There are 2 protein chains.
Amino acid sequence: MFEFMTIRELYDLIKTNNILEMDSLQYVQLQGWIRTNRCNGSVGFIELNDGTFFKNCQLVYTPQLANFSEISKCLTGAALTVIGKFKLTPENKQPFEIELTEATIEASCSNDYPLQKKRHSLEYLRDLAHLRVRTNTFSAVFRVRSSLAMALHEFFQNQGFVYVQTPIITGNDAEGAGEVFTVTTRKDDKYDQDFFGKRASLTVSGQLHVEAYALAFRDVYTFGPTFRAENSNTKKHANEFWMCEPEIAFADLEDDMNLMEDMIKYCIQYVFDNCSEEMEFFNNFIDKDHTLIERLKKVLDSSFARINYSDALQQLKAVEDQFENKVFWGMDIQTEHEKYLTEKYGPVFVMNYPKESKAFYMRLNDDNKTVAATDLLMPVVGELCGGSQREERYDVLLNRMNEMGVPVSSLQWYLDLRKYGCCQHAGFGVGFERLLMYITSMENIRDVLSYPRTPRNLQF
Amino acid sequence: MFEFMTIRELYDLIKTNNILEMDSLQYVQLQGWIRTNRCNGSVGFIELNDGTFFKNCQLVYTPQLANFSEISKCLTGAALTVIGKFKLTPENKQPFEIELTEATIEASCSNDYPLQKKRHSLEYLRDLAHLRVRTNTFSAVFRVRSSLAMALHEFFQNQGFVYVQTPIITGNDAEGAGEVFTVTTRKDDKYDQDFFGKRASLTVSGQLHVEAYALAFRDVYTFGPTFRAENSNTKKHANEFWMCEPEIAFADLEDDMNLMEDMIKYCIQYVFDNCSEEMEFFNNFIDKDHTLIERLKKVLDSSFARINYSDALQQLKAVEDQFENKVFWGMDIQTEHEKYLTEKYGPVFVMNYPKESKAFYMRLNDDNKTVAATDLLMPVVGELCGGSQREERYDVLLNRMNEMGVPVSSLQWYLDLRKYGCCQHAGFGVGFERLLMYITSMENIRDVLSYPRTPRNLQF
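Residue positions within a chain follow its written sequence, with the count starting from 1. Chain labels run from A onward and ligand labels from 1 onward, assigned in the order the entries are written. A pLDDT threshold of at least 70 governs which residues receive local features in this predicted model, and a stricter bar of 80 or more applies before side-chain atom pairs are shown or counted, although totals over entire chains, interfaces and linings include all residues. Water and hydrogen atoms play no part in the side-chain values, which are based on all heavy atoms of the structure.

## Here we look at the overall build of chain A
As a reminder of what qualifies: Helix and strand definitions follow DSSP, with helices as H or I runs of at least four residues and strands as E runs of at least two, each counted in order from the N terminus. Here's how the labels work: a residue is buried when its accessible area is under 20% of the maximum for its type, exposed when over 50%, partly exposed in between, all with a 1.4 Å probe on protein chains only. Note on definitions: a residue-residue contact is assigned when non-hydrogen atoms from the two residues lie within 4.5 Å. Note that His is not counted, nor are the chain ends; the positive residues are Lys and Arg, and the negative ones are Asp and Glu. Think of each charge as sitting on NZ of Lys, CZ of Arg, CG of Asp or CD of Glu.
Summing up its helical and strand segments, chain A has 14 helices and 17 strands in all. When the backbone C-alpha atoms are referred to their principal axes, chain A occupies close to 85 × 55 × 45 Å. Buried positions account for 62% of the 460 residues belonging to chain A. In chain A, of all internal contacts separated by at least 6 residues, the share reaching a separation of at least 24 is 66%. Distance between charge centres in chain A, computed from 49 positive and 65 negative side chains, equals 4 Å.

Given below as structure tokens:
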């Protein structure tokens, strides 16, 4: 009689031009939620979205429908199960429609539903974190987010990387990355009597923990939530976000950059392949210049440049006049400098930074001034991710920890790794939301996290 | 001259009997860590593990090697890069060996290396969380863990499920699952002045948050860390562990059970396909009866039984004498009862439990006494996972929350979902470590977590 179909399956028939299948398809059953419903008394049109596909499916109904009147009064947001005749409509904007023969209301929608037909601002929708994913923008964001996560897993697992789930609760006081949240069952700071018998905090990175696994499995990666207790309200910062941190053994900074470049390209291609409707939407409605797809395709075709920090500084110095900030060796590369470099080079790795600006675990170069670290700068958005070769020499690492005031006692196990077959190894971290924002052109991190955590914001 | 190969690649040639490739293979380069090294002065043998494969590769060296003496003194744990001749040895235990022509020590290993040749107890290795993954047992555990994670992602994504990363920090006071950790930047309990302006805690489940996404995408799942602040020291409890929580819309309890059954089978098959050496190891060296593989294969071939709690109780009552615990309607099903039921049925879903023993969000059945919940019981291990249809009726849910003392104010958004197109939906949660323990026969949760978190245990 009828076949249950998802809207994705119907669009797949159209996309693959599966004429045989379409011809045999008579009556279909669909389930979904009403995006819009308009009826002039003799004919009604429902835009139904079933969650499986970015686009809606048009349902057409007439007074021949037994519960015509009831259906015509159905509000945006209501859930329906319908049966109808599948009809190709090549002359219309939508390639097909469903002429309803049956319609059942699975769940009605209250008339105070905050997502009405009109366009809502992203800011307004942030207060509706439980509902906003029903809109086009957030439906696109969170489907791409899911695909991008899968892209990372596939990229690494296809090459034999082992996924390591490093702990969230950590006793390592300082991993060198800013302020941390305390995890406690007490109402005071007597941490020696606390649950873990010492002060516990939320991790800022799984890198130190995962290095131990790279020294056993060779190639590993983490993918999980990380935390910063920074009280900053910018578009790029949230207090809870996801990081992916690959770590590779028998590898140096060049291997690290190769992996980073391959990973970025794989992710872009994967999202193109799996979320083409969503990417078109981001290109046409989110990206300011409507050049998102063009830019990403260019990245796929490019070979990422690689320059030393010192060389980059020389080049910047030569055109210092065009910058607001002075150029001097030792400085952080600022947004305006990133812009200059990426306009010149396209995607570019800057390598071998002054040791003062980088973390204690990065490998000290022979010049004793720089470390084997790299940041990947991308056109338009700037820094996308960063990595380093790790310091594998016990004495050098211990010295750096003491120089930088990193407490040794809670990281003795990390130091000890240097005593036991610690081959050269390297790794990097990519902020998952930053990568997602890069690929979607979404500008505020609050709009790519399911329920974002920012200062004084814990509504859901 | 030579080709870089991993030990996995070499074994793949053997397994696929790729004669052409093997014939053309002359000299190979390998990198890895010494598991054992013995030398009688005229010939030496190194068992090298490179992390890509469960098994080692045998390296053979003689005084013809330029640094023969140095290599012969290399200790267990040291990292090497070697070049040698690939030689099939069909008459030996190992199908091939490498006759070294070059060997470079990448990193030596201190002679206080705690992982010596002799067998160490799992308890002893727990204090070496940074090194234990270099042993056979933990290498097997953590490769299967990685594969099992990928199995879950593939299972869901292949069917169009959207992966939702629900928040770790939550403001929902009580999700009905025991004690929670507080997340704070203060040293007292003035939470209104705290980072988020209210008390924040670590999540015990992503379910409530992900329900909102199921009501937009239809089929979704979470996969992430969850926390319990319970001060219990059992083999099955850790304070930090991973959960996978699928949630499906337009679905009832039966759909939920179908999904659970499919998922379990997919995971088992995936691990068989991707970790056959590891599974043989677990069968022969970890499983008490050496029947692990046989048991899991039986599960693959079985159709999981489904019985109502009330029917199960009647059956248990009929043989009450054989149990230590009395059988009465309303009781929790104990280990001995699980054993009886699974011996009778094999894998079995028990459905429709007394509402008193279950969570507030589970759908109240028409009898007003039971809820549409299910637990999956497996032979030998008992309960593996549980799920329920969710209460989609606003008034019924509100009533249950009040009955059970669940604070409504912080979950108003969750209640509100019931006003806006809340079709019937269902979901379940599977403890990732429990599933991993089931598939590997590992008995202590501390041995399947990279750095386990248990009371007063935060060494790493």
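That was the structure; now back to the text.
## Structural notes on the interface of chain B and chain A
Counted only if it meets this: Buried area counts how much accessible surface, traced with a 1.4 Å probe, disappears from two parts once they are put together, with both parts' losses summed. For this analysis, a salt bridge means a side-chain nitrogen from Lys or Arg found within 4 Å of a carboxyl oxygen belonging to Asp or Glu. Gly counts as polar in this scheme, as do all residues outside two lists: the nonpolar Ala, Val, Leu, Ile, Met, Phe, Trp, Tyr, Cys and Pro, and the charged Asp, Glu, Lys and Arg.
Tallying the contact residues gives 106 residues for chain B and 106 residues for chain A. Roughly 8600 Å² is buried in total at the junction of chain B and chain A, and carbon and sulfur atoms are behind 61% of that figure. Of all residues in chain B, Gln165(B), Tyr420(B) and Leu458(B) give up the largest surface area on contact with chain A, accounting jointly for 9% of the area buried on that side. Applying the counting rule to chain B against chain A returns 2 salt bridges. Among the ionic pairs, Lys419(B) bridges to Asp112(A), the shortest N-O distance being 2.9 Å. In terms of residues, the side of chain B that touches chain A owes the most to one element, helix α5 (residues 136–158) of chain B, which gives 10 residues. In the side of chain B that touches chain A, the residues fall into 53 nonpolar, 31 polar and 22 charged.

## A short note on the pattern of salt bridges
Residues and elements named next belong to chain A. As enumerated under the stated definition, the model contains 42 salt bridges over all chains in all. Taking the shortest distance from any N to any O, the salt bridge between Arg145 and Glu433 comes out at 2.9 Å. Of the two residues, Arg145 sits in helix α5 (residues 136–158) while Glu433 sits in helix α14 (residues 432–440), which places them 288 residues apart along the sequence. The exposure classification of Arg145 matches that of Glu433, with both residues buried. The partner of Lys265 in a salt bridge is Glu261, with the nearest N and O atoms 2.8 Å apart.

## Here's the deal with the packing of α5(A) against helix α7 (residues 253–274) of chain A
Residues and elements named next belong to chain A. We apply this condition: Between N-to-C directions, angles cover 0 to 180 degrees, with each direction set by a line fitted to C-alpha atoms, over the stretch in contact for helices. The scheme is simple: roughly parallel for angles under 35 degrees, roughly antiparallel for over 145, roughly perpendicular for 65 to 115, oblique for anything else. Here a crossing is called left-handed whenever its near helix is offset anticlockwise from the far helix by less than a right angle, and right-handed whenever the offset is clockwise.
Packing of α5 against α7 brings their axes to within 9 Å, and their N-to-C directions diverge by 135°. With respect to each other, α5 and α7 are oriented oblique. In terms of crossing hand, the pair formed by α5 and α7 is right-handed. Here Val144, Ser147, Leu148, Met150, Ala151, Leu152, Glu154, Phe155, Phe156 and Asn158 of α5 lie close against α7, whose contacting residues are Leu259, Asp262, Met263, Tyr266, Cys267, Tyr270, Val271 and Asn274. For the contact of α5 with α7, the residue count by class is 13 nonpolar, 3 polar and 2 charged.

## What about the sheet that holds strand β7 (residues 162–163) of chain A?
Residues and elements named next belong to chain A. Under the convention used in this document: Two strands pair if DSSP finds at least two bridges between them.
Taken in spatial order, the 8 strands of this open sheet run β7-β11-β12-β17-β16-β15-β14-β13, and their pairing is mixed. Every interior strand has two partners, whereas the edge strands, β7 and β13 (305–308), have only one. Relative to strand β12 (residues 240–249), strand β11 (residues 219–227) runs antiparallel, the two being bridged by 9 bridges. Across the sheet, the residue bridging to Tyr221 is Pro246, located in β12.

## Overview of the environment of Glu179(B)
Mapped onto the fold, Glu179(B) is located in the loop between β8 (169–170) and β9 (182–184). When neighbours within four sequence positions are excluded, Glu179(B) is seen to be in contact with Arg228(B), Ala229(B) and Glu230(B).

## Some details on the packing of aromatic side chains
Where we set the bar: Two rings from Phe, Tyr or Trp (for Trp, the six-membered ring) form a pair when their centres are within 6.5 Å of each other. A pair whose planes differ by under 30 degrees is stacked, one over 60 is edge-to-face, and the rest are tilted. We count a charge as sitting over a ring when the NZ of a lysine or the CZ of an arginine lies within 6 Å of the ring centre and within 35 degrees of the ring normal.
Scanning the model with the defined rule gives 68 aromatic pairs over all chains in all. Ring centres of Phe281(A) and Phe282(A) lie 5.8 Å apart, and the angle between their planes is 70°; on these two criteria the pair is classed as edge-to-face. Ring geometry for Phe360(A) against Tyr414(A): centres 6.3 Å apart, planes inclined by 80°, an arrangement best described as edge-to-face. A residue pair is termed long-range when its members are at least 10 positions apart, and Phe360(A) in the loop between β14 (348–354) and β15 (370–378) and Tyr414(A) in helix α13 (residues 412–416) qualify at 54 residues. Aromatic ring contacts, followed pair by pair, group Phe155(A), Phe156(A), Phe161(A), Tyr163(A), Tyr221(A), Tyr266(A), Tyr270(A), Phe223(B), Trp242(B) and Phe432(B) into a single cluster. Its end group placed over the ring of Trp329(A), Lys369(A) keeps NZ or CZ at 4.9 Å from the ring centre.

## Observations regarding a nonpolar patch on the surface
Residues and elements named next belong to chain A. As a reminder of what qualifies: Residues form patches when they are more than 30% accessible in relative terms and have no salt bridge. Like charges link within 9 Å. Nonpolar side chains (Val, Leu, Ile, Met, Phe, Trp, Tyr) link within 5 Å. Note on areas: Shrake-Rupley with a 1.4 Å probe; residue coverage comes only from the protein chains shown.
A surface patch of nonpolar side chains, amounting to about 380 Å² of accessible area, comprises Met1, Phe2 and Tyr27. Position of Phe2 among the secondary structure elements: in strand β1 (residues 2–4). Phe2 sits in the partly exposed class, given a relative accessible area of 40%.

## Quick notes on the side chain of Thr440(A)
All names here are of chain A. Locating Thr440 in the fold gives a position in helix α14. Given a relative accessible area of 0%, Thr440 falls into the buried group. Contact partners of Thr440, with chain neighbours within four places excluded, come to Val144, Phe282, Ile286 and Leu292.

## A few points about the pairing of strand β5 (residues 79–88) of chain B
Residues and elements named next belong to chain B. Within β5, 7 of the 10 residues are buried, which leaves the element mostly enclosed by the surrounding structure. Bridge count for strand β2 (residues 27–39) against β5 is 7 bridges, and the pairing is antiparallel. The residue of β5 that forms the bridge with Leu30 is Val82.

## Here's the deal with the packing of helix α10 (residues 309–318) of chain B against helix α11 (residues 335–345) of chain B
All names here are of chain B. Running from amino to carboxyl end, α10 crosses α11 at an angle of 100°, the nearest separation of the two axes being 11 Å. Viewed along their axes, α10 and α11 adopt a mutual orientation that is roughly perpendicular. Here α10 contributes Ala312, Gln315 and Leu316 to the contact with α11, which in turn contributes His337, Tyr340, Leu341, Lys344 and Tyr345. Looking at the contact of α10 with α11 residue by residue, the class counts come to 5 nonpolar, 2 polar and 1 charged.

## Description of a negative patch on the surface
Together, Glu3(A), Glu9(A), Asp12(A) and Glu21(A) make up a region of like negative charge exposed at the surface. Within the element layout of this structure, Glu3(A) appears in strand β1.

## Topic: the relation of the copies chain B and chain A
The condition that has to hold: Least-squares superposition of the copies uses the C-alpha atoms of those residues scoring a pLDDT of at least 70 in each of them.
By a simple turn and slide, chain B fits onto chain A: the slide is 0.0 Å along the axis, the RMSD is 0.0 Å, and the turn is 180°. In short, the pair behaves as if placed about a two-fold rotation axis. Comparing interface residues between copies, 100% of those in chain B also lie at the interface in chain A; the contact surface is shared.

## Some points on the sheet that holds β8(B)
One key point about sheets: their strands pair by backbone hydrogen bonds, in either a parallel or an antiparallel sense. With respect to topology, 6 strands assemble into an open sheet ordered β8(A)-β10(A)-β9(A)-β9(B)-β10(B)-β8(B), the strand pairing being antiparallel. In the strand order of this sheet, the two ends are held by β8 (169–170) of chain A together with β8 of chain B, each with one partner. Two strands pair when backbone bridges link them, and strand β9 (residues 182–184) of chain A and β9(B) are joined in this way by 3 bridges, in the antiparallel orientation. Bridging from a neighbouring strand, Thr184(A) pairs with Thr182(B) of β9(B).

## A short note on helix α8 (residues 276–286) of chain A
Taken together, the buried positions of α8(A) are occupied by Glu277(A), Glu278(A), Met279(A), Phe281(A), Phe282(A) and Asn283(A). Structurally, α8(A) contributes buried residues whose contacts are with α1 (7–15), α5, α7, α9 (292–301) and α14 of chain A.

## Thoughts on the side chain of Ser139(A)
Mapping Ser139(A) onto the fold places it in helix α5. A relative accessible area of 5% places Ser139(A) in the buried class. Ignoring sequence-local partners within four residues, the contact set of Ser139(A) consists of Phe54(A), Val133(A) and Phe217(B).

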